[in-house]
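Topology and contacts: notes
Listed below are the residues making up each chain.
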Amino acid sequence: MTTTLTPDSGAPANDTPAETAAVLLIESLYEGSEAAAEVLELDFNYRTKSRLRAKLVSGAEAGLFLPRGTILRGGQKLQARDGRIVEVRAAPEELIEARCASPVELARAAYHLGNRHVAVQVGSDAGGDWLRIQADHVLEGMLAGLGAQLVKLDAPFEPEAGAYAHGHQHPGDGSGARIHMMAGR
């Protein structure tokens, strides 16, 4: 709780609505073309949180109150309660990039990561096709055992949304989500 002095008496005052307003409240996604006035840089784990208190790049504090299951992507825009537009920036984080000698070996690596429900970014560049995951020594060992060539790097992480676009849930967990069932059932 922040304590301030009131202008009239000089006595301490409890939190006031003006102090609460110091935290920029962000409650909705923004689809318009207006330029962003602020930037919110978060790693992937924080971009999966619907409720979060964070600092903007400017140093101002922000509180996110987004619909449950929202996953923020780099470049996406949000609208604060006061009308300001905030751009989401994917923060660099420790990743492992896996490349394989053949498409079959890359597919095998992707299968084993998917079988462990690991978030995976799939991409390609001049050096060929790759998979990126958040740094994890156990998964690094598994990928090496599958013959993948591995490189550690710091980069923004934008994994595939796939079936888990609204969070990973299983039937019977109370969420109502049924991701492993066929559509319409």
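Whatever comes next refers back to the structure up there.
Structure report, in brief. (Residues numbered from 1 in each chain as written. Predicted model: local features only at pLDDT ≥ 70, side-chain atom pairs only at ≥ 80, totals over all residues. Heavy atoms only, no water.)

Turning next to the overall build of the protein chain. Of regular secondary structure, the protein chain possesses 4 helices and 12 strands. The burial tally for the protein chain puts 29% of its 185 residues in the buried class. By sequence separation, contacts in the protein chain at least 24 residues apart represent 61% of the contacts at least 6 residues apart. Summed over its atoms, the accessible surface of the protein chain is roughly 11200 Å², and 53% of this surface lies on carbon and sulfur atoms. (Helix = DSSP H or I, 4+ residues; strand = E, 2+ residues; numbered from the N terminus. Buried < 20%, exposed > 50% of the residue type's maximum accessible area, 1.4 Å probe, protein only. Contact = heavy atoms within 4.5 Å. Areas by Shrake-Rupley, 256 points an atom, 1.4 Å probe, with all protein chains shown as cover.)

Sheet architecture is open: 4 strands sit in the order β10-β11-β9-β12, paired in antiparallel fashion. Each edge of the open sheet is held by one strand with a lone partner, namely β10 (121-125) and β12 (149-156). Between one strand axis and the next, the sheet turns through 35 degrees on average, direction left out of account. The pairing of strand β9 (residues 92-99) with β12 spans 8 bridges and is classified as antiparallel. (Pairing = 2+ DSSP bridges. Axes fitted to C-alpha atoms, helices over the stretch in contact; angles between N-to-C directions.)

For E41, the location among the structural elements is in strand β4 (residues 38-42). For the pair E41 and A90, spaced 49 residues apart in the sequence, the C-alpha separation amounts to 5.8 Å. Setting aside anything within four residues of it in sequence, one finds E41 in contact with V57, R89, A91 and P92. A polar side-chain atom of E41 sits 3.5 Å from a polar atom in the side chain of R89. (Polar contact = N/O pair within 3.5 Å; in protein donor to acceptor, adjacent residues only side chain to side chain.)

Here we come to the nonpolar core. In this structure, L24, I26, L40, L64, L78 and V86 are the most contacted members of the largest nonpolar core, which totals 15 residues. Only β3 (24-30), β4, β5 (51-55), β6 (61-65), β7 (77-80) and β8 (85-90) provide two or more residues apiece to this core. (Core = buried A, V, L, I, M, F, W, Y, C linked by side-chain atoms within 4.5 Å.)

Moving on: the packing of helix α3 (residues 103-115) against helix α4 (residues 137-145). Packed helix pairs are characterised by how far apart their axes lie and by the angle those axes make with each other. With their axes 10 Å apart at the nearest point, α3 and α4 run at an angle of 150 degrees to one another. One way to sum up the angle between α3 and α4 is to call them roughly antiparallel. α3 and α4 meet at a crossing whose hand is right-handed. Touching A109, H112 and L113 of α3 are L139, M142 and L143, all from α4. (Parallel < 35°, antiparallel > 145°, perpendicular 65-115°, else oblique. Left-handed = near helix turned anticlockwise from the far one by under 90°.)

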